Structures are given as structure tokens and as C-alpha cells.
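If you want the building blocks of each chain, they are given just below.
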Amino acid sequence: MHRKLLGTASNLATRVRVYLAEDAVEIDEIEGYSGTRKRVLFDEVLLVTLDRRRRLGTIAILAAVSLVLLSPGLLIAATKQDLNFGLIWTAIVSPAWIALLVHLAFGVDQVTVFGKRTVAQMRFAVRKRRGREVFALLRARVGEVQRAATPPVATASGSSGTAAA
Amino acid sequence: MNAVNTVTGYAGPGCPRCWTRLPDSVLGTGDVYCGTCGLDFAAELFVPPVQARAALPAPEAGTAAQCARHARNAAAAACERCGAFMCTLCRVKSDGLVLCAGCFDRLRAEGSLASARTTFRSWRTLGLHLSVLGLPLITFGVFIGPASIYASVRGIAQGRKDGDEGGLAGPILSLILGILVTGGGIFFALTMAGAFRPPGARR
């Protein structure tokens, strides 16, 4: 049994890794040091979506971190009327506010697979192209499996065709 | 991840952000706008093939329905998922559902049945945390380091058993850090032992 990592999606409490297996999308949800494995079988996939969004939680956290890091230095610079100090301090803590600006500008791409009973989600914050590739791969793979599973039916002329499910 | 994953809680395909159920006519257009949360998303709608059911033989007059798998057994129940008749041998009760063996296997493989869900220990996470923890606690490296190495090796083996392609960077990094932590701990221990050497033995 082989499986390939498609993407991940994590929050503060849970880390999720989504894999492409032979007959399903496997979801490993890891909370602490124990994990649960679920599957979305290809022949039960109902919908695959790709969207781009700005996450309020991410924006809030990055904004809070930027504020906490920037404010002491900017306060000192304002008190001492030292512009150079303010610029240097801003440059030192630039990763925080640059991350916030990048997130606001480009968002996060998310691929979602809806099964009959289970949902798999993957996020692509930096590798947007990877997200589009995963979306295309899942569309192709699910379509291929479901077409193969659909039994052919005989038409009125006697030739066989694929039954509409 | 906002995964809606219980048998009773999942409403069906729809918006991937607010989970609003959307009709197939909307989802089938390809480019969808969710009126509830304002999200634009690309969608590919699928219509899964209907599983063909085996034709059950009609019961003889005056007799009870027969089990789909054991023709000589009377049916005791019908599967709540596929409707097939089941005798008492085939019937499986799980999570409040009465299922046939085939449906139970399918739901178990999906992870939809809480009582039959596959769980595992994440050795790679444990190895990574131990190895990172060992760096500031290098004084206890002789204990933390070997534990980290053990967990990292188990993590690599677990990945191989699961058939993961790639993904070894994390466990290998943990392994390397674990070795460094072990070495640091041993060095610290030897240094401390040397510091407490009797005065006459010092050079």
C-alpha cells in the first residue's frame, strides 16, 4: 500500500495530513501524540473544491504579534525623536508584519474533498501552484475511478454505453 | 481543520468555508459563489455510481424473507445502509446502526464508525518534540536523546509501514538532533564526573 502526501491543514490543537492512496484520500488527524485515520473513498466523492481565502484567525494572530513586537520600538523612537531607531526596529521585526501583509494580499488556497460522510481539507499558503495541481489531480483521479465503476448499459440500437448514475 | 466527520452531523457538499448546503445545480456550474459567506470557489461535482444490489430471491409463500448471503437462513433484520436482508450471523451492530458485513467493512475503512476508527500513535511527532526539547535540556541529554532516537526510528518505520512516499525529512532531522542531544548529554555527564574527581587524581 503506497500513499503520497497531498497537503496539510493544521490549527492550534490538531495537525492534519492528507494522503492520496490507491482507492481513497486518507486523512490523518493528529492531536498531541495520537492520531486518527479516516478515508474518503474515490467512488464516494461528491465534490472537490478549490478556493482562496483570508483567515480571520491568522490575520488576528499576525496582527497581534506585529503590534506586540513593533510597539515598544516605535514608542521609544517616538519618545526620543529618533527616526533611525524606529526604522531599524521595524526592519528587525519585519517578518511578522510582512507575513501579515502577504497573507492579506495573497491569502491561502484550500482544497476540499467532500465524501458521503467525511470531508478532507488541505491548505496551501505558499505553494499555490501545488494547490492547483492537487485540485486537478483529484478531479482526474476521482473522475477516472467513478467512470470505471459505472456499469455500461445497452442502448436501444444494441451498442453499449455508460449508464448515468 | 473544520472537518465535519460524524455520520449524523454531515449535511452534504456545499460551501467549504461556512458549510452551507448548496444545490447540485449551483455546484455543477464550476465557478460557485456562496451567498451566505461570500466565498468564490471552483467546484467539480461528481455523481458516484450506484452500487448494484444483488437480486434477492422471492421468499416462498408462507415463509420469512431470506438472508442475502445465507439463503437457508431467515432474515432477522435489514441493513440500515444498503437495505439487504441479514440473518443473525451477518448482522453487525455498531454505533447504534445495524449493518451487514459489507457495509460495516466499508464504513470502518472510511473511519465513519467511531468504535472502529483506526487510531495510531504519532511517533514522528514524539521524536521531533523530544529532540527539540533535548536541546535546552542538554544536561538531561543522556535520557532525552535515546528516547528521541527511539521515537524517531519508530516514526520512520511507521511511515514505511503506512506506505508513505517521502516525508522522511522530519524523522531524519529528529534522529540527527537526538544523536546530538545524546552526545551532548554524555559529554556533560563525563565533564561533571571529571569535575568531581578526587584532588589526588587531578593533574
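Residues numbered from 1 in each chain as written. Chains lettered and ligands numbered in written order. Predicted model: local features only at pLDDT ≥ 70, side-chain atom pairs only at ≥ 80, totals over all residues. Heavy atoms only, no water.

**Student:** I would appreciate a short explanation of the overall build of chain B in the present structure.
**Tutor:** Helix and strand counts for chain B come out as 5 helices and 8 strands. When the helices and strands of chain B are placed in sequence order, the string is α-β-β-β-β-β-β-α-β-α-α-β-α. Buried residues in chain B amount to 33% of all 203 residues. For chain B, contacts bridging at least 24 residues in sequence account for 29% of all contacts bridging at least 6. As displayed, chain B has an accessible area near 11900 Å², and 61% of this comes from carbon and sulfur atoms. (Helix = DSSP H or I, 4+ residues; strand = E, 2+ residues; numbered from the N terminus. Buried < 20%, exposed > 50% of the residue type's maximum accessible area, 1.4 Å probe, protein only. Contact = heavy atoms within 4.5 Å. Areas by Shrake-Rupley, 256 points an atom, 1.4 Å probe, with all protein chains shown as cover.)

**Student:** Sorry if this is basic, but what is going on with the overall build of chain A here?
**Tutor:** Scanning chain A from N- to C-terminus turns up 4 helices and 9 strands. For chain A, the succession of helices and strands along the chain, N to C, is β-β-β-β-β-α-α-α-β-β-α-β-β. Computed over its C-alpha atoms, the radius of gyration of chain A comes to 24 Å, more than 25% above the 15 Å expected for a compact globule of 165 residues. If one aligns the C-alpha atoms of chain A with their principal axes, the spans along those axes are about 90 × 40 × 25 Å. Within chain A, contacts between residues at least 6 apart in sequence are counted, and of these 45% link residues at least 24 apart. Entry remark: accessible area of chain A is about 8600 Å², with carbon and sulfur atoms responsible for 65%. (Rg over C-alpha atoms; globule rule 2.2 N^0.38 Å.)

**Student:** Any chance you could explain the environment of Glu 22 of chain A here in plain terms?
**Tutor:** Along the polypeptide, Glu 22 of chain A turns up in the loop between strand 2 (14–20) and strand 3 (24–31). Put simply, Glu 22 of chain A and Arg 3 of chain A are 19 residues apart on the chain and 7.1 Å apart in space, counted from C-alpha to C-alpha.

**Student:** Is there a simple way to explain the nonpolar core in this structure?
**Tutor:** Side chains of nonpolar character tend, in soluble globular proteins, to be buried together. Ranked by internal contacts, the top residues of the largest apolar core, which has 22 residues, are Val 48, Val 111, Val 113, Met 122 and Leu 138 of chain A. Of all the elements in the fold, those that place two or more residues in this core are strand 1 (3–10), strand 2, strand 3, strand 5 (47–53), strand 6 (108–114), strand 7 (119–124) and helix 4 (128–149) of chain A. Broken down by element, the residue count for this core peaks at 4 residues, all from helix 4 of chain A. Once you skip the residues sitting within four places of it in the chain, Met 122 of chain A turns out to touch Leu 6, Gly 7, Thr 8, Ala 9, Val 18, Asp 109, Gln 110, Val 111, Val 113, Val 134 and Leu 138 of chain A. Counting residues in each nonpolar core, the second largest holds 15 residues, with Val 98, Cys 100, Cys 103 and Phe 104 of chain B among its members. (Core = buried A, V, L, I, M, F, W, Y, C linked by side-chain atoms within 4.5 Å.)

**Student:** I keep staring at helix 2 (residues 101–110) of chain B and nothing clicks. Help me out?
**Tutor:** What sets the pattern is the α-helix's 3.6 residues per turn: residues three or four places apart point alike. For helix 2 of chain B, the set of buried residues is Cys 103, Phe 104, Leu 107 and Glu 110 of chain B. Down the axis, helix 2 of chain B shows its buried residues gathered within 130 degrees of arc, on one side only. The elements touched by buried residues of helix 2 of chain B are strand 4 (34–41) of chain A together with strand 5 (92–94) and strand 6 (97–99) of chain B. In the stretch just after helix 2 of chain B, Gly 111 of chain B is the one whose phi turns positive, near 85 degrees. (Arc of directions from axis to C-beta.)

**Student:** Please clarify how unusual backbone geometry should be interpreted in this entry.
**Tutor:** Among all residues save glycine, negative phi is the norm, and among peptide bonds the norm is trans. One non-glycine residue, Gln 81 of chain A, lies in the positive phi region at around 55 degrees. As for its placement among the helices and strands, Gln 81 of chain A is situated in the loop between helix 1 (56–80) and helix 2 (83–92).

**Student:** Whenever I open this one, the domain arrangement of chain B confuses me. Can you help?
**Tutor:** A common way to state how big an interface is: give the accessible area lost once the parts meet. Once the domains are mapped, chain B shows domain 1 (2–43), domain 2 (77–116) and domain 3 (123–194). The C-alpha-based centres of domain 1 of chain B and domain 3 of chain B are spaced at 43 Å. (Domains from an automatic or database assignment.)

**Student:** Can you walk me through the confidence of the model for chain B in this structure?
**Tutor:** The predicted coordinates of low-pLDDT regions are not to be read in fine detail. Residue and element names in this part refer to chain B. Overall, the predicted model of chain B reaches an average pLDDT of 83, with 83% of residues at or above 70. Averaged pLDDT values over the elements of chain B bottom out at 84 in strand 5 and peak at 95 in strand 2 (residues 40–45). Contacts for the low-pLDDT stretch residues 1–8, under 50 throughout, to residues beyond four places or in other chains number 27 contacts. Scored by ipTM, the complex comes to 0.80, with pTM at 0.75. (pLDDT = per-residue confidence, 0-100.)

**Student:** I keep staring at a nonpolar patch on the surface and nothing clicks. Help me out?
**Tutor:** Residues Ile 61, Val 65, Val 68 and Leu 69 of chain A make up a contiguous nonpolar surface patch of about 340 Å² in total accessible area. With respect to the helices and strands, the residue Val 65 of chain A is situated in helix 1. (Patch = residues over 30% accessible without salt bridge, like charges linked within 9 Å, V, L, I, M, F, W, Y side chains within 5 Å. Salt bridge = Lys/Arg side-chain N within 4 Å of Asp/Glu carboxyl O.)

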